[in-house]
Amino acid sequence: MERLTYLVVGGGGREHTIIRKLKESADVDKIYCTPGNGGISKDAEVFDVAATDIDGVVALAEQLKVDCVFVAPDDPLVLGMVDALNERGIRAFGPNKKAAIIEGSKVFSKELMKKYGIPSAAYEVFNDPKAALDYIRSRDSYPAVIKADGLALGKGVVIAENFDEAKAAIHSIMEDKIFGNSGNNIVIEEFLTGPEVSVLAFTDGHCVKPMVSSMDHKRVFNGNLGPNTGGMGTISPNPFYTDEVAQECMGKIFLPTINAMNAEGRTFKGCLYFGLMLTPNGPKVIEYNCRFGDPEAQVVLPRLKTDFSTIINAIIDEKLSDLDIEWDNGACACVIMASGGYPGKYDKGIEITGLDKHGQVEGATVYHAGTKCSEYAGGGFLTNGGRVLGVTAKGANLDEALANAYAAVEKIKFKGAHYRTDIGRAYKKS
Ligand code: AMP
Ligand code: GLY
């Protein structure tokens, strides 16, 4: 069997997870990553080309003569990195630009769902702040959900509790342009309630194979309080996602979405992320992402038993239906350790103690999100981002996985570190 070399694009916890999973594959020879981070540099050879530098990544892939480029983050996918690689004859995992718009434009995804009858929140689109405000005023119903059309580092959604908050959000998105052109259009949506579920799905455009479910914890503080973050922890499976719900989602959401994208001439190949809310009126789509979630990947991929590289190549070759994908029956939990101040301002370069020279602790897998290697003698790791580490552990069930993850968290220290102590507990199933 030919052994493959991969270049993974990105530099967070998700990419570290992808790399560690690829390392388990019998047919993977060598893994490169750009730009990577401190922890990733222990598992892959890293380069300093930015994840959004399309020409730079194409040149690097050619120079390294890799067999496959795994484009993991949203922005290069939405910018068309896979198209640019394919044009040079380089194999790549991830959707092309035409398909990545499912995450790149909320207006596109809302219109898609409406056109094809995929359940989602009712909405209106505005390109004029005054019209948006008039609508909010006349509707007079709160909370009001206001979303920037384009990518906004996961911060483009505001749940306004009253008119003043809605007005401030519309002003900062559409007039101050805090997310740049992503705020040229906004979507104002019906507020939905219910437990949230993340379902990542492999698809080659012909068939869709959902992975095991997971649950993110987006708010920074215990009890789901405080501002939204990129995600403070995850569990898999999601206790709310029963087999019955999964069946309903397949029929009403997953297959219709794949078919809709085909019908629009935007065949999606890669990992499609369904952000769902289980409302009293059934499951509805909150958002689509065109890639693995972060930190969902950290709890889903460790449970994958089938060879990851085989799946990646089956998707690229549109032969996914030939594969039987197996998962372990246990559970997995990830606790994010973040820098003091995150998701607001925080310092970098703070020494992390408790990790071994590979950046790991016993009893867990530590996926590095924002770290760098210290240049001084003795090595070690320094903080280098808001989300620093994803401390992840498996168990026979969720209780065991959580206990293992938290036991490992206690061994790791850095000044200002904070993490939620209620991952997997905040939404107890009653
Ligand atoms: P997103 O960045 O689109 O994942 O949205 C961030 C969070 O906002 C979601 O995880 C939900 O908790 C919340 N959210 C988004 N849309 C709605 C909605 N229509 N109703 C209620 N909550 C929402
Ligand atoms: N954890 C949410 C996301 O990856 O968008």
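## Description of a nonpolar patch on the surface
Piece 1. A cluster of nonpolar side chains, namely Val157, Ile159 and Phe191, defines an oily patch on the protein surface of about 200 Å² accessible area.
Piece 2. Relative to the helices and strands, Phe191 resides in the loop between strand 9 (186–189) and strand 10 (196–203).
Piece 3. In this structure Phe191 comes out as partly exposed when scored by relative accessible area, which is 36%.

## A closer look at the environment of Lys413
Piece 1. Checked against the element boundaries, Lys413 lands in the segment after helix 12 (398–409).
Piece 2. The spacing of Lys413 and Asp347 is 66 residues in sequence and 15 Å in space, taken between C-alpha atoms.
Piece 3. Other than its neighbours up to four places away in sequence, Lys413 contacts Glu351, Ile352 and Thr353.
Piece 4. In this structure the side chain of Lys413 is engaged in a polar contact, spanning 2.8 Å, whose partner is the backbone oxygen of Glu410.

## Let's talk about the pattern of salt bridges
Piece 1. For the structure on display, the rule yields 21 salt bridges.
Piece 2. Between Glu24 and Lys21 there is a salt bridge; the shortest N-O distance is 3.1 Å.
Piece 3. With a relative accessible area of 6%, Lys21 lands in the buried category.
Piece 4. Sharing partners across several salt bridges, the network here consists of Arg20, Lys23 and Asp43.

## Considerations on the side chain of Thr5
Piece 1. When you line up the elements, Thr5 lands in strand 1 (residues 4–10).
Piece 2. Given a relative accessible area of 12%, Thr5 falls into the buried group.
Piece 3. Apart from residues no more than four positions distant in its own chain, Thr5 is found in contact with Asp29, Lys30, Tyr32, Lys65, Val66, Asp67 and Cys68.

## So, the nonpolar core
Across soluble globular proteins, nonpolar side chains have a tendency to be buried as a group.
Piece 1. Core analysis: the biggest nonpolar cluster contains 75 residues, and Val69, Leu276 and Leu389 have the highest contact counts within it.
Piece 2. The next biggest cluster of nonpolar side chains, apart from the first, holds 41 residues, and it includes Ile40, Cys68, Ala72 and Cys271.

## Quick notes on the site of ligand 2
Piece 1. Around ligand 2, the neighbouring residues are Asp216, Gly230, Tyr273, Asn289, Arg291, Gly293, Asp294, Pro295 and Glu296.
Piece 2. Residue Asp216 places a side-chain N or O atom 2.8 Å away from a nitrogen atom belonging to ligand 2.
Piece 3. The separation between a nitrogen atom of ligand 2 and a polar side-chain atom of Glu296 is 2.8 Å.
Piece 4. Protein chains shield 89% of the accessible area of ligand 2, which is 200 Å² for the free molecule.
Piece 5. In terms of residue class, the shell around ligand 2 is made up of two nonpolar, three polar and four charged.

## Things to note about the site of ligand 1
Piece 1. Near ligand 1 lie 15 residues; those nearest to it are Glu189, Glu190, Leu192, Glu196 and Glu287.
Piece 2. For ligand 1, a nitrogen atom lies 2.9 Å from a polar atom in the backbone of Glu190.
Piece 3. The contact in question runs from an oxygen atom of ligand 1 to an N or O atom on the side chain of Lys218, over 3.1 Å.
Piece 4. Protein burial of ligand 1: of its 480 Å² of free accessible surface, 91% is covered by the chains.
Piece 5. Of all the secondary-structure elements, those providing two or more residues to the shell around ligand 1 are strand 7 (144–148), strand 8 (157–160) and strand 17 (282–289).
Piece 6. Here the shell around ligand 1 is composed, by residue class, of eight nonpolar, no polar and seven charged.

## Considering the sheet that holds strand 19 (residues 351–352)
Piece 1. One open sheet holds the three strands; their spatial order is 19-22-21, and the pairing between them is antiparallel. Edge positions in the sheet fall to strand 19 and strand 21 (371–373), since each of these pairs with one other strand and no more.
Piece 2. Examined bridge by bridge, strand 21 and strand 22 (residues 381–383) share three bridges and lie antiparallel to one another. Along strand 22, the bridge assignment pairs Lys372 with Leu382.

## Some details on the sheet that holds strand 15 (residues 233–236)
The pairing of strands in a sheet comes from backbone hydrogen bonds and takes either a parallel or an antiparallel form.
Piece 1. Within the open sheet, the five strands sit side by side as 12-15-18-23-20. Their pairing is antiparallel. In the strand order of this sheet, the two ends are held by strand 12 (215–216) and strand 20 (365–368), each with one partner.
Piece 2. Here strand 15 pairs with strand 18 (residues 331–338) via four bridges, running antiparallel. Looking at the pairing, Ser236 lines up with Cys332 of strand 18.

## Considerations on the state of the cysteines
Piece 1. With the rule as written, the count across this model stands at zero disulfides.
Piece 2. Cys271 provides the cysteine sulfur closest to Cys207, a residue in no disulfide bond, and the two sulfurs are 14 Å apart.
Piece 3. Among the residues examined, Cys207 registers a relative accessible area of 16% and is labelled buried.
Piece 4. In this structure Cys334 is not part of a disulfide, and its nearest cysteine sulfur, from Cys332, lies 7.7 Å away.
Piece 5. Its relative accessible area of 0% is what places Cys334 among the buried residues.

Thresholds applied
- Residues numbered from 1 in each chain as written.
- Chains lettered and ligands numbered in written order.
- Predicted model: local features only at pLDDT ≥ 70, side-chain atom pairs only at ≥ 80, totals over all residues.
- Heavy atoms only, no water.
- Patch = residues over 30% accessible without salt bridge, like charges linked within 9 Å, V, L, I, M, F, W, Y side chains within 5 Å.
- Areas by Shrake-Rupley, 256 points an atom, 1.4 Å probe, with all protein chains shown as cover.
- Salt bridge = Lys/Arg side-chain N within 4 Å of Asp/Glu carboxyl O.
- Helix = DSSP H or I, 4+ residues; strand = E, 2+ residues; numbered from the N terminus.
- Buried < 20%, exposed > 50% of the residue type's maximum accessible area, 1.4 Å probe, protein only.
- Contact = heavy atoms within 4.5 Å.
- Polar contact = N/O pair within 3.5 Å; in protein donor to acceptor, adjacent residues only side chain to side chain.
- Core = buried A, V, L, I, M, F, W, Y, C linked by side-chain atoms within 4.5 Å.
- Near = heavy atom within 4 Å.
- Nonpolar A, V, L, I, M, F, W, Y, C, P; charged D, E, K, R; others polar.
- Pairing = 2+ DSSP bridges.
- Disulfide = S-S within 2.5 Å.

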